[in-house]
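Listed here are the chains, written in short residue letters.
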Amino acid sequence: MNTSIKTIITMLILVVTLSSCNQDLTLQSYYVDNELAPGFTSLDIPVSMLQIDETTLTEAQLEAYESIEKLSMLAFLKDEANVEDFGLEMEKVNAILKNPKYEELMRGGNSADGKFVIKCIGDGDDVDEFILFGNSKEQGFIVVRVLGDDMNFGKIMELASVFDEANLESSQLKEFSNFFK
């Protein structure tokens, strides 16, 4: 009798332990798993490295700029050797972004030039992460995570024009910006 009770308790503890572990692939774990993998290029940029002159920003742009901590970018650069990998990696990212915790804000593009989707974690003026996922059949795909505290999508969009004019001297940063052209 004691042995069966111990077995049941042990099994119960095992089930609870295994079910409490989150086995879902997250965007963060996908970054970590692939940042050094063949075909991928990654870059983490503190916003201070963008060398934006804060005196030229409007009040809303400054508030948006100060709410951003860093940009994390991961790109899969497609070539003739990794066409099959491109499809598999696209499926992985799409599966991650289907998680309901990522709220879709905007979608655009077309099948000829490429598509993009912007998602976020949080709501209203309390967003901690924006995700831009863009893909092109010729070039590959890119995932940009904008990380910060209490970000607001409208204000971040106002700041987008300032990022276009920012000094993009880093060769890696130029490579990412060229992806969108």
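In this report, the structure presented in the accompanying data block is examined. (Residues numbered from 1 in each chain as written. Predicted model: local features only at pLDDT ≥ 70, side-chain atom pairs only at ≥ 80, totals over all residues. Heavy atoms only, no water.)

## Re the environment of Ser67
For step 1, the next point in the chain: Residue position: Ser67 is located in helix H3 (residues 59-67).
For step 2, the next point in the chain: Classification of Ser67 as buried rests on a relative accessible area of 10%.
For step 3, the next point in the chain: Expressed as a C-alpha distance, the spacing of Ser67 and Gly148, which sit 81 residues apart in the sequence, is 5.5 Å.
For step 4, the next point in the chain: When neighbours within four sequence positions are excluded, Ser67 is seen to be in contact with Gly148, Asp149, Asp150, Met151 and Ile156.
For step 5, the next point in the chain: Among the polar contacts made by the side chain of Ser67, one reaches the main-chain carbonyl oxygen of Ala64 at a distance of 2.7 Å. (Helix = DSSP H or I, 4+ residues; strand = E, 2+ residues; numbered from the N terminus. Buried < 20%, exposed > 50% of the residue type's maximum accessible area, 1.4 Å probe, protein only. Contact = heavy atoms within 4.5 Å. Polar contact = N/O pair within 3.5 Å; in protein donor to acceptor, adjacent residues only side chain to side chain.)

## Topic: the nonpolar core
For step 1, the next point in the chain: Judged by nonpolar contacts, the single largest core of 22 residues is most densely connected at Ile68, Phe130, Val146, Met151 and Leu159.
For step 2, the next point in the chain: Of all the elements in the fold, those that place two or more residues in this core are strand S1 (40-46), H3, strand S2 (68-77), strand S5 (126-136), strand S6 (140-151) and helix H5 (153-165).
For step 3, the next point in the chain: Ignoring anything within four residues of it in the chain, the contact list for Phe130 reads Leu105, Lys119, Cys120, Val144, Arg145, Val146, Met151, Asn152, Phe153 and Ile156.
For step 4, the next point in the chain: Counting residues in hydrophobic clusters, the runner-up holds 18 residues, among them Phe86, Ile96, Phe133 and Phe141. (Core = buried A, V, L, I, M, F, W, Y, C linked by side-chain atoms within 4.5 Å.)

## What to know about helix H4 (residues 83-97)
Within an α-helix, residues lying three or four positions from one another point in the same direction, as the helix has 3.6 residues per turn.
For step 1, the next point in the chain: With 15 residues, H4 should cover 21 Å at 1.5 Å per step; its first-to-last C-alpha distance of 21 Å lies within 8% of that length.
For step 2, the next point in the chain: Where H4 is buried, its residues meet helix H2 (27-34), S1, S2, strand S4 (114-123), S5 and S6. (Expected span 1.5 Å × (residues − 1).)

## Quick notes on H2
For step 1, the next point in the chain: Buried residues of H2: Leu27, Tyr30, Tyr31 and Asn34, and no others. In a view along the axis of H2, the buried residues occupy a sector of 100°, so they form one face of it. (Arc of directions from axis to C-beta.)

## Structural notes on the packing of aromatic side chains
How two aromatic rings sit relative to each other is set out by the distance from centre to centre and by the angle between their planes.
For step 1, the next point in the chain: For the structure on display, the rule yields 8 aromatic pairs.
For step 2, the next point in the chain: Between Phe86 and Phe141, the ring centres sit 6.2 Å apart and the planes meet at 35°, which makes this aromatic pair tilted. One end of the pair, Phe86, is in helix H4; the other, Phe141, is in strand S6, and 55 residues separate them in sequence. The pair formed by Phe86 and Phe141 is uniform in burial state, with each residue classed as buried.
For step 3, the next point in the chain: Judged by centre distance (5.7 Å) and plane angle (45°), the ring pair of Phe130 and Phe153 falls under tilted. With Phe130 in strand S5 and Phe153 in helix H5, this residue pair connects regions lying 23 residues apart in the sequence.
For step 4, the next point in the chain: In this structure Phe130 comes out as buried when scored by relative accessible area, which is 5%.
For step 5, the next point in the chain: The ring centre of Tyr31 lies 5.3 Å from the NZ or CZ of Arg145, which sits over that ring. (Phe/Tyr/Trp six-rings, centres within 6.5 Å; stacked < 30°, edge-to-face > 60°. Lys NZ or Arg CZ within 6 Å of the ring centre and 35° of its normal.)

## Re the pattern of salt bridges
Pairing between side chains of opposite charge can happen when their charged atoms approach one another.
For step 1, the next point in the chain: Here the structure, examined in full by the defined rule, presents 5 salt bridges.
For step 2, the next point in the chain: With a closest N to O distance of 2.6 Å, Glu129 and Arg145 form a salt bridge. With Glu129 in strand S5 and Arg145 in strand S6, this residue pair connects regions lying 16 residues apart in the sequence. Taken individually, Glu129 and Arg145 each receive the classification buried, so the pair is uniform in this respect. (Salt bridge = Lys/Arg side-chain N within 4 Å of Asp/Glu carboxyl O.)

## A word on the packing of H2 against H4
For step 1, the next point in the chain: Where H2 meets H4, the closest approach of the two axes is 10 Å, and the angle between their N-to-C directions is 155°. The angle between H2 and H4 places the two elements in the roughly antiparallel class. Of the residues in H4, those touching H2 at Leu27, Tyr30 and Asn34 are Glu89, Lys92, Val93, Ile96 and Leu97.
For step 2, the next point in the chain: Split into classes, the residues belonging to the contact of H2 with H4 amount to 5 nonpolar, 1 polar and 2 charged. (Axes fitted to C-alpha atoms, helices over the stretch in contact; angles between N-to-C directions. Parallel < 35°, antiparallel > 145°, perpendicular 65-115°, else oblique. Nonpolar A, V, L, I, M, F, W, Y, C, P; charged D, E, K, R; others polar.)

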